[in-house]
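Here are the chains, one letter per residue:
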Amino acid sequence: MTLFEKIVAREIPADILHEDDVCIAFRDISPQAPVHFLVVPKKPIPRVAEAEFVDQATLGHLLLTAGKVATAEGVNTADGGFRVVINNGADGGETVPHLHVHVLGGRPLKWPPG
Ligand code: 5GP
């Protein structure tokens, strides 16, 4: 079982912002911005490069949920905004091998990322 499957199963506590049949969203334990949450499919797809076409609806669901929870968290404003990030592999910064969409907001974010 992956770390994030354990959060879905309530074996590890998390500050859950949203849950439905396909995904769960919860605050990152080590926030890099005032708003930083993860949107995670319940299906343990390891990373985006391992997703298959059968996962197409799930991948879309993650982005739609990211936007809706960002709005609920107050970062989808005219003068604000947020960033959506998916890390893939060691050079991408992936540390948990269960696909997750980071949503960061609440402060100006630099580009390019480090
Ligand atoms: P990655 O580096 O794989 O893109 O992102 C993994 C993220 O999961 C990191 O931002 C890290 O802080 C977060 N994380 C790791 N363990 C836990 C945990 O037990 N609970 C929560 N809520 N987040 C976690």
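Just above sits the structure.
Scoring rules and cut-offs
Residues numbered from 1 in each chain as written. Predicted model: local features only at pLDDT ≥ 70, side-chain atom pairs only at ≥ 80, totals over all residues. Heavy atoms only, no water. Core = buried A, V, L, I, M, F, W, Y, C linked by side-chain atoms within 4.5 Å. Buried < 20%, exposed > 50% of the residue type's maximum accessible area, 1.4 Å probe, protein only. Helix = DSSP H or I, 4+ residues; strand = E, 2+ residues; numbered from the N terminus. 1 Å grid on protein atoms, 1.4 Å probe; cavity = no way out; pocket = protein on both sides within 12 Å on 5 of 7 lines; lining within 4 Å. Points joined across faces, edges and corners; volume = space filled by probe spheres on them. Pairing = 2+ DSSP bridges. Contact = heavy atoms within 4.5 Å. Polar contact = N/O pair within 3.5 Å; in protein donor to acceptor, adjacent residues only side chain to side chain. Near = heavy atom within 4 Å. Areas by Shrake-Rupley, 256 points an atom, 1.4 Å probe, with all protein chains shown as cover. Sits in = over half its atoms within 2 Å of the grid points. Nonpolar A, V, L, I, M, F, W, Y, C, P; charged D, E, K, R; others polar. Salt bridge = Lys/Arg side-chain N within 4 Å of Asp/Glu carboxyl O.

Draft legend 1. Seen up close, the nonpolar core. Grouped together as the largest cluster of nonpolar side chains are 15 residues, with contacts concentrated most on Phe37, Val39, Leu62, Val101 and Val103. Among the secondary structure elements, those contributing two or more residues to this core are strand S2 (23-27), strand S3 (35-41), helix H2 (56-72) and strand S5 (101-105). With four residues, H2 is the largest single contributor of residues to this core. The next biggest cluster of nonpolar side chains, apart from the first, holds seven residues, and it includes Phe4, Leu38, Val40 and Val96.

Draft legend 2. Examining the layout of surface pockets more closely. Empty space within the largest pocket amounts to approximately 760 Å³. Contributions of two or more residues to the lining of the largest pocket are made by helix H1 (3-8), S2, S3, strand S4 (82-85) and S5.

Draft legend 3. Summary view of the pairing of S2. Counting buried residues along S2, four of its five residues qualify, which places the element largely inside the surrounding structure. The pairing of strand S1 (residues 16-19) with S2 spans three bridges and is antiparallel. Bridge pairing in S2 links Glu19 to Ile24. Hairpin connection, S1 to S2: the antiparallel pair is bridged by three residues. In the sheet, S2 pairs with S3 via five bridges, with the strands oriented antiparallel.

Draft legend 4. Summary view of the environment of Lys42. Looking at where Lys42 falls in the secondary structure, it is placed in the loop between S3 and H2. The partly exposed category is assigned to Lys42, whose relative accessible area is 28%. Each C-alpha atom, one on Lys42 and one on Leu99, is 9.5 Å from the other, the two residues being 57 residues apart in sequence. Once residues within four sequence positions are removed from consideration, Lys42 is found in contact with Val8, Glu19, Asp20, Asp21, Val22, Cys23 and His98. Side-chain polar atoms of Lys42 contact the side chain of Glu19, separated by 3.0 Å.

Draft legend 5. Summary view of the site of the ligand. The immediate surroundings of the ligand are formed by 16 residues, with Asp28, Asn87, Gly93, Thr95 and His102 found nearest. At 2.5 Å, a side-chain N or O of Asp28 approaches an oxygen atom of the ligand. One of the backbone nitrogen or oxygen atoms of Gly93 is found 2.8 Å away from an oxygen atom of the ligand. In isolation the ligand has 520 Å² of accessible area, and contact with the protein removes 84% of it. Among the detected pockets, the ligand sits in the largest pocket. If you list the elements that add at least two residues to the shell around the ligand, you get H1 and S2. Each residue belonging to the shell around the ligand can be placed in one class, and the counts come to seven nonpolar, six polar and three charged.

Draft legend 6. Quick peek at the pattern of salt bridges. This model, assessed by the stated rule, comprises seven salt bridges. A salt bridge links Glu73 to Arg27, with the nearest nitrogen and oxygen atoms 2.7 Å apart. Within this pair, whereas Glu73 is found in the loop between H2 and S4, its partner Arg27 is found in strand S2, the two being separated by 46 residues in sequence.

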